[in-house]
Amino acid sequence: LRAAGDWDGDGFDDFLVGSVDGSGFGGAVYFLGGGPAIGAVRAAVFDLDSARFEAFAEDVTTLDLEADGDPDFIVGASSALADGALYVYVNDGTGAFAGPISVPHPPLAGGRGYFGASLAPRHR
């Protein structure tokens, strides 16, 4: 679970939940938009067609990549592209996200790197 504040500008807190399937290979990120009542919560799902074997959503973190005041998020997929990858989603300020932008693992010496298995936001 990654709390994110008000992502869509409606005055209610929103949050993200990352979910890897039971095999640890596939997964999805759920954006849950807050509302005036529990029943008013809306959900958007972010996943990849190719994520069956990537451990997509093993970790999720939020940060403001463009310093525009709108929180963006990054999804880790530690089995993607052999050594792992990150997928970046950029918020337009209304709760709509562009992406994913794929960030492959950096060159790693020897074997599996599990890049994207654990993410941490940058604090200012």
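Residues numbered from 1 in each chain as written. Predicted model: local features only at pLDDT ≥ 70, side-chain atom pairs only at ≥ 80, totals over all residues. Heavy atoms only, no water.

1. Digging into the environment of Val103
Point 1. As for its placement among the helices and strands, Val103 is situated in strand 8 (residues 97-104).
Point 2. By relative accessible area, which is 32% here, Val103 ends up partly exposed.
Point 3. Each C-alpha atom, one on Val103 and one on Leu86, is 5.0 Å from the other, the two residues being 17 residues apart in sequence.
Point 4. Apart from residues lying up to four places away in sequence, Val103 is in contact with Ala85, Leu86, Val88 and Phe115. (Helix = DSSP H or I, 4+ residues; strand = E, 2+ residues; numbered from the N terminus. Buried < 20%, exposed > 50% of the residue type's maximum accessible area, 1.4 Å probe, protein only. Contact = heavy atoms within 4.5 Å.)

2. Here we look at the side chain of Asn91
Point 1. Along the polypeptide, Asn91 turns up in strand 7 (residues 85-91).
Point 2. Judged by its relative accessible area of 2%, Asn91 is buried.
Point 3. Here the side chain of Asn91 touches Trp7 through a polar contact of 3.1 Å, landing on its backbone oxygen.
Point 4. Among the polar contacts made by the side chain of Asn91, one reaches the main-chain amide nitrogen of Gly95 at a distance of 3.4 Å.
Point 5. Once residues lying within four places of it in the same chain are set aside, the contact partners of Asn91 are Trp7, Glu66, Asp68, Asp70, Pro71, Asp72, Ala96 and Phe97. (Polar contact = N/O pair within 3.5 Å; in protein donor to acceptor, adjacent residues only side chain to side chain.)

3. What to know about the nonpolar core
Point 1. Residues Val29, Phe56, Phe73, Val75, Tyr87 and Tyr89 are the most contacted members of the largest nonpolar core, which totals 17 residues.
Point 2. If near-sequence neighbours (up to four positions away) are discounted, Val29 is found in contact with Leu16, Val17, Gly18, Ala44, Val45, Phe46, Phe56, Ala57, Val60, Phe73 and Val75.
Point 3. In terms of nonpolar packing, the next biggest core, distinct from the first, is built from five residues, Ile74, Val88, Val90 and Leu119 among them. (Core = buried A, V, L, I, M, F, W, Y, C linked by side-chain atoms within 4.5 Å.)

4. Quick look at unusual backbone geometry
Peptide bonds are mostly trans, and most non-glycine residues show a negative phi.
Point 1. The omega angle of the peptide bond from Gly99 to Pro100 is 10°, so this bond is cis rather than trans.
Point 2. The residue Pro100 is located in strand 8 in this model.
Point 3. In the Ramachandran plot, Ala57 falls in the positive-phi region, its phi being about 75° despite a non-glycine side chain.
Point 4. Position of Ala57 among the secondary structure elements: in strand 5 (residues 56-63).

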